[in-house]
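Remarks on the overall topology
Residue-level listing of the chains:
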Amino acid sequence: MPSNKRTWQDLSELTGSGEAIKGRDSEFSEPLPIDRILSDKKFSGAGTNRRDFLKFLGFGLGAATLAACETPVIKSIPYVVKPEEITPGVANWYASTYYDGQDYASILVKTREGRPIHIKGNPRFGINRRPDGSKGSINARINSSVLPLYDNERLKGPMMNHGESLMQHSWSDADKAIGAKLADISHKGGRIVVLTHTIISPSTREAINVLRAKYGMALNTGDDALSVQVGGTVDHVQYDTISYNGLVNANAKSFGKRVMPGYDLAKADVLVGVDADFLATWGTTTVASWQYATRRKPDGGAMNKHFQFESRLTLTGANADERTAVKPSELGTIVASLHDQVAAKLGGAKCGAGDASCDAATAKAAEALIAAKGRSLVLCGVNDEGVQVLVNSINWMLGNYGSTIDLDNHTYFNQGDDAAVAQLVKDMNAGKVGALLIAGVNPAYSLPNAAEFKEGLKKVELSVSFSGYADETASLCSWIAPDNHYLESWNDHLPKPGHYALAQPAINKLYDTRQWQESLLAWSGVTKDYYTFIRDVWQAGMTGHTATPVDFTAAWNMSVHNGVYEAYSNQPGQWAFAGDVAAAGAAARKLAEGAGEWQLQVYVKNSIGSGLHANNPWLQEMPDALTKITWDNYITMSPIDMENMGLQTYIGQQSPASVCAVKVGEVEVKLPCVPVPGQKQGTLGIALGYGRGANGEKVGRAAVVTDPDADAPAPVGRNAYPFVQW
């Protein structure tokens, strides 16, 4: 049957824009003289002499070749005693693990002569490996994570803030000063807070417990009336830059377990995504991507059916079978309509928060879900507790728990608590925090109320950042105790129950840095290094939780070799949905209140991510999967809206993008506008993670560019985090 479907690469090709065609045709303004070369009678193919070769290919190539012949000879000195594991020219591979609070993967690190040069997924072990053992899935951020190891702007040692400048000190000076200050705060009964991203490392949690025992020990007599606190208190607050607070809180209300479930997209015959870009940025993409791919091959068995509801075009939406563009304010109503249509057919309780227009949009998806009961899955990226309770109810009615959703073998990712972070900022401003130790997060840049955080930080007696750069937060702290790069460090991880993973160093430290967990141990009076500490934690765990004796040395060596230790899996439990559907429906309905004509949605790119990797030039150079734009964030808009506003819809070298201002409340940014087919009319999109180093902070060379007007560093893009709402 003939198809009328028309394919095109960009809008200009679709519309046949004369300006675009002219720009395309003149992209290479000086045509290659191929016709003259071929018509030259002196050109005789393989018989061309050296002079003609240089003439035909151009003097530029010849000059480069001749210049290469003048390169000075570098004499290599062989090893006096060659390391047993190194053969010059032959690469070594080491199993390790990557985790930065957002991305996770079991990896293999390629090294040459002791230098890491390449990262790829572990094809044999880890939750991101494909069951057939063909490969381990990773994303661009993990693959390029080797490059910052060699960034010359990494801090070379501990730094103390002297008011106007940062000055490098020795570790002994830093340990003495920080340890004495912690002891003084504890003696006065002050509060010490460790602020981190979600911690999935058992040994890191134990190191925090050691710090708590040192500076916040409580005497418990068994009688609450007689129990007393000796010294101060030590609290651990987890802050995820990209929040999943609504989802994990909804699971706590629905099932009594505040966790991120394990999802199996490979088992889903019907998949519905609501603003969840699970192939690029939402959830554990290194797992979801390969699971999804197994069900999208026509020759690989039955393909799944994928429905997607979203405002802007995402990589996941572009792969969907049926995609519906909706405004951000309509997402809650879409979920409510889907919920009530499923409930009507399966005899569940309705929430009553849908409407007729959304019912029509979701009717086909609801029918497909019901037909695939027990073999379906609904995923939602809306960070709202009420909406996520409705999603849980839909999946519960469809019988997806125990099939495509696993609460027993959940993940330990995304445990950040927005309410705890908001309370911390209030306590800092009220002078209730004596010391703040910050690891893996940059709240002075990424918090929606970053200005309040900065003001509160001034009232904290001791602030220590473990950042490897003098970034937006670290540059405001009393001390910077720079952490190692992860390829210089030992670490352990527990991504899901019973699934342990190890990270091992692939190179000696390049600078005088120290792993932040080892700094906690040093300030707690523990003299052992972190490698020994991890081994002790593992040995205690294996000895105390197994029915049969374990040869720890053999188990440890195998774990280092594989990068993973599979201890156990939880058996299926009995779960019952206990969420309040009516209250959830009312909360979902509130998302549509106060919606204006224009609606803004902030999002995360699959290159820069949350902004943690903005100093990586490989990621800055990586074209966006859909717009193909590099080195910037911008305002995405519907092409129809841009035409109606008279904005430039063709963007080329001679046709710069129109610049618009977006203002929400008191926050305003100016950015170029880019047309994105498939985006809902009346909506705007701006990527997070840009605008680093706006005040001259040392965040890495690739995160800033030189402003030609001021001849000074300027940020790449603009910071959109002030638009985020909790």
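The structure displayed is predicted, hence computed values, not measured ones.

1. Notes on the overall build of the chain
Summing up its helical and strand segments, the chain has 23 helices and 28 strands in all. For the chain, long-range pairs separated by at least 24 residues make up 69% of all intrachain contacts whose partners lie at least 6 apart in sequence. For the chain, the accessible surface area stands at approximately 34400 Å², while carbon and sulfur atoms represent 53% of it.

2. Topic: the sheet that holds strand S24 (residues 659–664)
With mixed pairing, five strands are arranged side by side in an open sheet as S22-S26-S23-S25-S24. The outermost strands of the open sheet, each flanked by one partner alone, are strand S22 (599–603) and S24. The mean angle between the axes of side-by-side strands here comes to 40°, regardless of whether they run parallel or antiparallel. Where strand S23 (residues 635–637) and strand S26 (residues 683–687) come together, two bridges link them in antiparallel fashion. Paired with Ile635 across the two strands is Ile686, which belongs to S26.

3. What to know about the environment of Ala361
Topologically, Ala361 is positioned in helix H13 (residues 356–371). Given the relative accessible area of 30%, Ala361 is considered partly exposed.

4. Brief notes about the pattern of salt bridges
Applying the stated rule across the entire model yields 19 salt bridges. The salt bridge partner of Arg323 is Glu310, with a shortest N-O separation of 2.6 Å. Pair noted here: Arg323 is in strand S13 (residues 322–325) and Glu310 is in strand S12 (residues 305–310), with a separation of 13 residues, a long-range link. On the basis of relative accessible area, Arg323 is assigned to the partly exposed category, the value being 25%. A salt bridge links Lys528 to Asp536; the nearest nitrogen and oxygen atoms lie 2.6 Å apart. One network of salt bridges, in which partners are shared, links Lys181, Asp184, Lys188 and Glu461.

5. Here's the deal with the pairing of strand S2 (residues 104–112)
Counting buried positions over the nine residues of S2 gives seven, a clear majority of the element. Here strand S1 (residues 92–99) pairs with S2 via eight bridges, running antiparallel. Each residue of the ladder has a partner; that of Tyr99, found in S2, is Tyr104. The hairpin turn running from S1 into S2, its antiparallel successor, is four residues long, and Gly101 in that turn takes a positive phi close to 95°. Both S2 and strand S3 (residues 115–121) contribute to a ladder of six bridges, which runs antiparallel.

6. Concerning the side chain of Asn484
By secondary structure assignment, the location of Asn484 is in the loop between strand S18 (479–480) and strand S19 (491–496). A relative accessible area of 11% means that Asn484 is categorised as buried. Of the polar contacts made by the side chain of Asn484, one reaches the backbone nitrogen of Arg514; its length is 3.2 Å.

7. Observations regarding the pairing of S22
By the alternation rule, side chains of S22 split into Gln599, Gln601 and Tyr603, which are all buried, and Leu600 and Val602, of which none is buried. Looking at chain direction, S22 and S26 are connected through five bridges and run parallel. Bridge pairing links Gln601 to Gly685 in S26.

8. A short note on unusual backbone geometry
Even without being glycine, Asn414 reaches a positive phi, approximately 55°. Topologically, Asn414 is positioned in the loop between strand S15 (405–411) and helix H15 (418–429). With a phi close to 60°, Trp631 is a non-glycine residue in the positive phi region. Its location among the elements puts Trp631 in the loop between helix H22 (617–621) and S23.

9. Focus: the confidence of the model for the chain
In the predicted model, the chain carries a mean pLDDT of 86, and 85% of its residues have values of at least 70. A low-confidence stretch, residues 53–64 stays under pLDDT 50, and its non-local contacts, those more than four residues away or across chains, total ten contacts.

10. Here's the deal with the environment of Pro623
Checked against the element boundaries, Pro623 lands in the loop between H22 and S23. Residue Pro623 is classed as partly exposed on the basis of its relative accessible area of 44%. Separated by 16 residues in sequence, Pro623 and Ser607 have C-alpha atoms that sit 8.2 Å apart. Not counting chain neighbours up to four residues away, the residues in contact with Pro623 comprise Lys628, Ile629 and Thr630.

11. What about helix H14 (residues 385–397)?
Structurally, the α-helix is built with 3.6 residues per turn, so residues lying three or four positions apart point the same way. Between its first and last C-alpha atoms H14 spans 18 Å; for 13 residues at 1.5 Å apiece the expected length is 18 Å, and the two agree. Among the residues making up H14, those that are buried are Gly386, Val387, Gln388, Val389, Leu390, Val391, Asn392, Ser393, Ile394, Asn395 and Met397. Looking at the packing, one finds that the buried side of H14 touches helix H9 (245–255), helix H12 (331–346), strand S14 (376–380), S15 and helix H21 (581–590). N-cap assignment for H14: the residue whose side-chain oxygen lies 3.1 Å from the backbone N of Gly386 is Asp384. Two residues or fewer past H14, Gly399 is found with a positive phi of approximately 70°.

Rules and cut-offs
- Residues numbered from 1 in each chain as written.
- Predicted model: local features only at pLDDT ≥ 70, side-chain atom pairs only at ≥ 80, totals over all residues.
- Heavy atoms only, no water.
- Helix = DSSP H or I, 4+ residues; strand = E, 2+ residues; numbered from the N terminus.
- Contact = heavy atoms within 4.5 Å.
- Areas by Shrake-Rupley, 256 points an atom, 1.4 Å probe, with all protein chains shown as cover.
- Pairing = 2+ DSSP bridges.
- Axes fitted to C-alpha atoms, helices over the stretch in contact; angles between N-to-C directions.
- Buried < 20%, exposed > 50% of the residue type's maximum accessible area, 1.4 Å probe, protein only.
- Salt bridge = Lys/Arg side-chain N within 4 Å of Asp/Glu carboxyl O.
- Polar contact = N/O pair within 3.5 Å; in protein donor to acceptor, adjacent residues only side chain to side chain.
- pLDDT = per-residue confidence, 0-100.
- Expected span 1.5 Å × (residues − 1).

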